[in-house]
Amino acid sequence: MSQSVGVVVPAYRPDPERLVPYVHALVEALDPDAVRVELDAPRSETLDALDALPAVADVNAVDARRGKGAAITAGFESLRTDVLAFADADGSTPAASMADVVAAVRDGADLAVGSRRHPKATVASHQTVARRYLGDGFAWLARHLTEVPLYDYQCGAKAVTAAAWNDVRTHLYESGFAWDIELIAVSGAFGHRVAEVPVVWEDQPNSTVSPVDTTVKMARGLLRSRHRARTIREDRLHELLDARSDERSLVERFSAEVTDD
């Protein structure tokens, strides 16, 4: 029996001329049951342009900038499919590579992680030297601080089973770019099968991401993610530290917002 697929595309003030064709390509390559564009702080002309999205795609526009992790979490919470996937709105990972990531979950992985640093990956356009070194440094640190040894943790192409998502969803706190590493670390703590999938990847030079600032934030997020993974594994010290925290997970924050409304 074929597994249904839902795709979330988190977007902060995207280029519609890139986003609309990319979503069409995703629909053609994946034949998803649902596509959810989680749109933060959109301009009115962007909303007008997104009328050209395929019929299967819904747009959830939010006035504020929630952050990548919060947007993906909101999108995943809205899906009712067997497989949940997300792809960054800039289209750095082509639709055919996204299909490979989803196929890895359909073939038995609990979590599939697209990888532009995998030896078999094809990098069509490289990042700047500064971004490449920062990214390599973060990947090295993540390999040593998590229990999931990968080449790449931050590529914007991942897929997870609905069952695995149900395990991790209340353990995710990172609203920004560190959400990716948190998802991987927490999945590893649950003993999920994690597959790293080499992708074709093309850097988008007009990214809104500040490499230095984002890397610093992700490093902090990595340490927090390691703590949460250790808590799940019942590390006594991390359990004690966690007991002193009143921070709410992303889904708990969403539930509180709905209640307040």
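In the block above lies the structure referred to throughout.
Residues numbered from 1 in each chain as written. Predicted model: local features only at pLDDT ≥ 70, side-chain atom pairs only at ≥ 80, totals over all residues. Heavy atoms only, no water.

A. Quick look at the overall build of the chain. Along its length, the chain carries 10 helices and nine strands. When the 261 residues of the chain are sorted by exposure, 49% land in the buried category. When contacts within the chain are restricted to residue pairs at least 6 apart in sequence, long-range pairs at least 24 apart make up 77% of them. For the chain, the exposed area adds up to about 12,500 Å²; of that, 49% sits on carbon and sulfur atoms. (Helix = DSSP H or I, 4+ residues; strand = E, 2+ residues; numbered from the N terminus. Buried < 20%, exposed > 50% of the residue type's maximum accessible area, 1.4 Å probe, protein only. Contact = heavy atoms within 4.5 Å. Areas by Shrake-Rupley, 256 points an atom, 1.4 Å probe, with all protein chains shown as cover.)

B. Examining the packing of aromatic side chains more closely. What the rule picks out here adds up to four aromatic pairs. With a centroid separation of 5.0 Å and an interplanar angle of 90°, the aromatic rings of Phe-76 and Trp-165 are classed as edge-to-face. You can see Phe-76 sitting in helix α3 (residues 68-78) and its partner Trp-165 sitting in helix α6 (residues 162-168), a full 89 residues away along the chain. A residue is classified by how much of its surface remains accessible, and Trp-165, at 4% relative accessible area, is buried. Considering the side-chain rings of Phe-76 and Trp-179, the 6.2 Å spacing of their centres and the 70° angle between planes classify their relative orientation as edge-to-face. Placement of Phe-76 in helix α3 and of Trp-179 in helix α7 (residues 179-189) is noted, with a sequence separation of 103 residues between them. Between Arg-116 and the ring centre of Trp-201, over which it is positioned, the NZ or CZ distance is 5.0 Å. (Phe/Tyr/Trp six-rings, centres within 6.5 Å; stacked < 30°, edge-to-face > 60°. Lys NZ or Arg CZ within 6 Å of the ring centre and 35° of its normal.)

C. Expanded view of helix α4 (residues 95-106). Given a rise of 1.5 Å per residue, 12 residues ought to cover 16 Å, and the 16 Å separating the end C-alpha atoms of α4 matches this to within 8%. Among all positions of α4, only Ala-95, Ser-97, Met-98, Val-101, Val-102, Ala-104 and Val-105 are buried. Angularly, the buried residues of α4 cover 165° about the axis, an arc narrow enough to put them on a single face. In the stretch just after α4, Gly-108 is the one whose phi turns positive, near 130°. (Expected span 1.5 Å × (residues − 1). Arc of directions from axis to C-beta.)

D. Region of interest: the sheet that holds strand β8 (residues 194-198). One open sheet accounts for seven strands, arranged β3-β2-β1-β4-β7-β5-β8; its pairing is mixed. Both edges of this open sheet fall to β3 (57-62) and β8, since each of them pairs with a single strand only. Sheet twist, expressed as the mean angle between neighbouring strand axes with direction ignored, is 20°. Judged from the five bridges that link them, strand β4 (residues 83-87) and strand β7 (residues 157-161) form a sheet pairing that is antiparallel. Considered in β7, the bridge of Ala-85 is made with Ala-159. Against the sheet, α3 touches β1 (5-12), β2 (34-40), β4 and β7, its axis set at about 150° to β1. Contacts from α4 reach β1, β4, β5 (111-115), β7 and β8 within the one sheet, and its direction differs from that of β7 by about 25°. (Pairing = 2+ DSSP bridges. Axes fitted to C-alpha atoms, helices over the stretch in contact; angles between N-to-C directions.)

None of this, on its own, says anything about what the molecule does.
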